[in-house]
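Understanding the architecture of this molecule
This is what each chain is made of:
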Protein chains: 2
Amino acid sequence: MSQKVDKQHIWHPLTQHQSHPEHIVIKKAKGAILYDENGNEYIDAIASWYTCMYGHCNPYITQKVSEQMRNLDHVVFTGFTHKPATDLATSLMKILPQNQQKIFFSDNGSTSVDIALKMSLQYYFNQGLKRNKIIAFQDGFHGDTFGAMSVSGLSIYNGPFEDHFLDVDRIAVPNKSNIEKVKKHFITLLSKNNVAAFIYEPLVQGAAAMKMHDADLLNQLLEIAKKFNVITIADEVMTGFGKTGKNFASEYLIELPDIICLSKSLTGGLVPMAITSCSDKIYQAFLSSEMEKGFFHGHTYSANPTSCTAAIASIELLMSKEIQNSIDRIKTAHKSFLENINNHPKVKSTRQQGIIAAVDLNIETDRYGDLRYKLFDFYMEKGVYLRPLGNTVYILAPFIISNEQLTKIYKAIEDSLEII
Amino acid sequence: MSQKVDKQHIWHPLTQHQSHPEHIVIKKAKGAILYDENGNEYIDAIASWYTCMYGHCNPYITQKVSEQMRNLDHVVFTGFTHKPATDLATSLMKILPQNQQKIFFSDNGSTSVDIALKMSLQYYFNQGLKRNKIIAFQDGFHGDTFGAMSVSGLSIYNGPFEDHFLDVDRIAVPNKSNIEKVKKHFITLLSKNNVAAFIYEPLVQGAAAMKMHDADLLNQLLEIAKKFNVITIADEVMTGFGKTGKNFASEYLIELPDIICLSKSLTGGLVPMAITSCSDKIYQAFLSSEMEKGFFHGHTYSANPTSCTAAIASIELLMSKEIQNSIDRIKTAHKSFLENINNHPKVKSTRQQGIIAAVDLNIETDRYGDLRYKLFDFYMEKGVYLRPLGNTVYILAPFIISNEQLTKIYKAIEDSLEII
């Protein structure tokens, strides 16, 4: 029944409906497990796009949210404030990099990036300076609204819209061989004095298939950006909240970002919310006796108390000994799995950052090629939900995953090497 | 305590923090009433930006959502589907204009507009046609992401970003005097064959201060758009779900829109969600054996089951006899209030569409001028939350507002005429 209505009336994201198989109806989720309507179980090895990190339907989060929504569901966030918002601010200030001072609310990762870009452009505009260019990494992904799309470099998403983009220059992601060339290119671009901001996914480029780069190399670029007084924007929508082994990937860096984008596991997967945080330097540039120097951006559900409550509870869980121990446990388990599989002839390379583990298969395939679907089906048959990107299979499981469940995921990946 | 943290760490939307008074801490909300931390009560006469239309913390909606979040909180909406999404599709198909066939999910009004614009641009791109221009109304407001901002015409929001906008032409909102001129202008623009879409807020321009236009005049423009094969986008984020006296403002028109944007009261104010619906004509243009002709837009929380459940419950309430009767009751009450106040020398004009009532005061003031704050404070003193826009005071109260509460709102507005 659901499948029939789905086919008739639902347009799914990131889907070519003509060739896509019927959508699987998920009926229930609990802990690390998804249950479909036919009674099949799947380990959610990517935590539903890195959101449900504390387990699906986490009883602590749902209890807190249930209480909140009976007391204060929503109120306009201009002129009014409320305890869920200020408590969340307090929680975040304890764990965000120390230069972060203000938080601005929105509803998803894309809007958190559009906001970061707008803050950067207006930061200079308010000072009478014209800096209209943004620099971003090749193959970066930052979202799907026009601003976020402009700074993203994955072409399948962008084709029909490129005429409408912000003015963006791209630099290569640094590695040990190209770092001097990348720095030179970066300096050439910045020397024009028209660059407002540099945006990057710190350490791990998620949608590019969990590509990783060294903290030290990124740090060298951030040092240069600071020298040219360019605003640095860390898009931690994917990397935030413990996944890289620290609360934020930015903690691996010496140079702290001026602006940070947050979403996904911010609310533990229960309800949408996003935050753009920034340093006091950014905020100060918007204070003025002229009304229009304020930041006239606002979403209706800004700081929705229900979402704030889910976020407060999620951060409490993140900081618990139990979850912190779990992060260490998963890191160690991934490490030996990757060491083990790394020598297999069908494996090209492996990499890891915190609890994010990725395996590049020794094959060529399109991002959405046939092999990707073959692998997807194979894993689902084995009771594991993994979502390969091109020839990359990655694991980003909920923090609460058990050792037995991890073993099952590893086994599924090992077995899949036999079918390619 | 909350106020102190607020001041230290929170950046509010649409706020010049240098001159803005301290934010009032709202502690609780129930039905039509907001309660602050000092025990003061305010009637929420604008339903927290037109979201909490069934009353704050509505027990029916919160109960359904509490159950849902214990069963299925979230799952990736590519490859998977679920009953909350398909049930919501079924509910919406019963009430949306009959040509609407597909729904695409996102998280707020701005993204629903960016999606509508991207659908329109790619619709032509997929057919090998270059149509890159959008037409929008003067003083329209469609949101704050780069796409949505581009089609919005309220300058205080746009100043620093205009270099980065989509290519947009504006036409005047039609009235009985200018209609022939507007039509001629519209035809001139459309004759260039480079227009992809025409976006409009049907009947009521919300952020422009509840400006209203005749259905017949808008319909004449839509007829012209259809002749030129231009996609029509009805932004019903504010007008949707009963506020204009019908479920959707588009129902007052003969020409149906190709695309509709929905958010705000879609989920009854409990959690964020937005939907972009469209006709089959639009959807068909994305079906292809070429993967990249699909719509590669996706937000992580697309079709979040918690939000879908809030929306299903909200639509059930909307369709109930109780709410439908209430809409009639409020319409009638507004009508006699406006007739009564219309002759007051301090009143310039009044207007009404469904349960939306607006009074233009016979004074000049900036959108965010001093008088606006004076009026705001006056209403709050009287226990009524109203949010004047320039010299316009408008009412858009929850459907469940009582006659006594309505009388109190009317009285506050009448009394405020004495202080201006």
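Look a little higher up for the structure.
A quick note: this is a predicted structure, and the numbers were derived from the prediction, not measured.

1. Some words on a positive patch on the surface
Positive charge collects at one region of the surface, where K27(A), K28(A), K30(A), R70(A), K27(B), K28(B), K30(B) and R70(B) lie side by side. Of all the secondary structure elements, the ones that give two or more residues to the positive patch are strand 1 (24-30) of chain A together with strand 1 (24-30) of chain B. Counting through the fold element by element, K30(B) comes out in strand 1.

2. What to know about the relation of the copies chain B and chain A
Superposing the two chain copies requires a rotation about an axis and a translation along that axis. Superposing chain B onto chain A takes a rotation of 180° combined with a translation of 0.0 Å along the rotation axis, leaving an RMSD of 0.0 Å. In symmetry terms, the pair is related by a two-fold rotation axis. Looking at chain B, 100% of its interface residues are interface residues in chain A too, so the copies touch through the same face.

3. Looking at the interface of chain B and chain A
Taken together, the contact pairs 121 residues of chain B with 121 residues of chain A. In total, chain B and chain A occlude about 11200 Å² of area from one another, counting both sides; carbon and sulfur atoms represent 62% of this. The largest share of the area that chain B buries against chain A comes from W11(B), F296(B) and Y301(B), three residues that together contribute 9% of it. For the pair chain B and chain A, the interface holds two salt bridges. Here D163(B) and K130(A) are joined by a salt bridge, their closest N and O atoms 2.5 Å apart. At the junction of chain B with chain A, the criterion picks out 85 residue pairs in polar contact (both at pLDDT 80 or more). Here the element with the most residues in the side of chain B that touches chain A is helix 5 (residues 109-125) of chain B; it accounts for nine residues. A class-by-class count of the residues in the side of chain B that touches chain A yields 53 nonpolar, 49 polar and 19 charged. As paired strands, strand 1 of chain A and strand 4 (residues 80-81) of chain B are joined by two bridges and run parallel to one another. Within strand 4 of chain B, the position partnered with I24(A) by the bridge is F80(B).

4. Details of the side chain of N178(A)
Residue and element names in this part refer to chain A. Inspection of the secondary structure puts N178 in the loop between strand 7 (168-171) and helix 8 (179-190). A polar atom in the side chain of N178 sits 3.0 Å from the backbone oxygen of V173. The residues contacting N178, other than those within four sequence positions of it, are A172 and V173.

5. Here we look at helix 1 (residues 2-9) of chain B
Restricting attention to buried positions, one finds in helix 1 of chain B the residues S2(B), V5(B), D6(B) and H9(B). Seen end-on, helix 1 of chain B carries its buried residues on one side only, within an arc spanning 105°. Every exposed residue of helix 1 of chain B that faces more than 90 degrees away from the buried side is listed here: K4(B) and K7(B). On its buried face, helix 1 of chain B is in contact with strand 4 (80-81), helix 4 (83-95) and strand 5 (100-106) of chain A together with strand 1 of chain B.

6. What about the sheet that holds strand 15 (residues 356-361) of chain B?
All names here are of chain B. On the basis of which strands lie adjacent, the open sheet formed by three strands has the order 14-15-17 and antiparallel pairing. Whereas interior strands pair on both sides, the edge strands pair on one side only; in this sheet they are strand 14 (347-353) and strand 17 (392-395). Between one strand axis and the next, the sheet turns through 15° on average, direction left out of account. Summarising the sheet, strand 15 and strand 17 pair through four bridges and their orientation is antiparallel. The residue bridging A358 from the neighbouring strand is Y394, located in strand 17. Along the sheet face, helix 12 (residues 321-341) touches strand 14, strand 15 and strand 17 and points at about 165° away from the line of strand 14.

What counts, and at which threshold
- Residues numbered from 1 in each chain as written.
- Chains lettered and ligands numbered in written order.
- Predicted model: local features only at pLDDT ≥ 70, side-chain atom pairs only at ≥ 80, totals over all residues.
- Heavy atoms only, no water.
- Patch = residues over 30% accessible without salt bridge, like charges linked within 9 Å, V, L, I, M, F, W, Y side chains within 5 Å.
- Areas by Shrake-Rupley, 256 points an atom, 1.4 Å probe, with all protein chains shown as cover.
- Salt bridge = Lys/Arg side-chain N within 4 Å of Asp/Glu carboxyl O.
- Lys, Arg positive; Asp, Glu negative; His and termini not counted.
- Charge placed at Lys NZ, Arg CZ, Asp CG, Glu CD.
- Helix = DSSP H or I, 4+ residues; strand = E, 2+ residues; numbered from the N terminus.
- Least-squares fit on C-alpha atoms with pLDDT ≥ 70 in both.
- Contact = heavy atoms within 4.5 Å.
- Buried area = accessible area lost by both parts, 1.4 Å probe.
- Polar contact = N/O pair within 3.5 Å; in protein donor to acceptor, adjacent residues only side chain to side chain.
- Nonpolar A, V, L, I, M, F, W, Y, C, P; charged D, E, K, R; others polar.
- Pairing = 2+ DSSP bridges.
- Buried < 20%, exposed > 50% of the residue type's maximum accessible area, 1.4 Å probe, protein only.
- Arc of directions from axis to C-beta.
- Axes fitted to C-alpha atoms, helices over the stretch in contact; angles between N-to-C directions.

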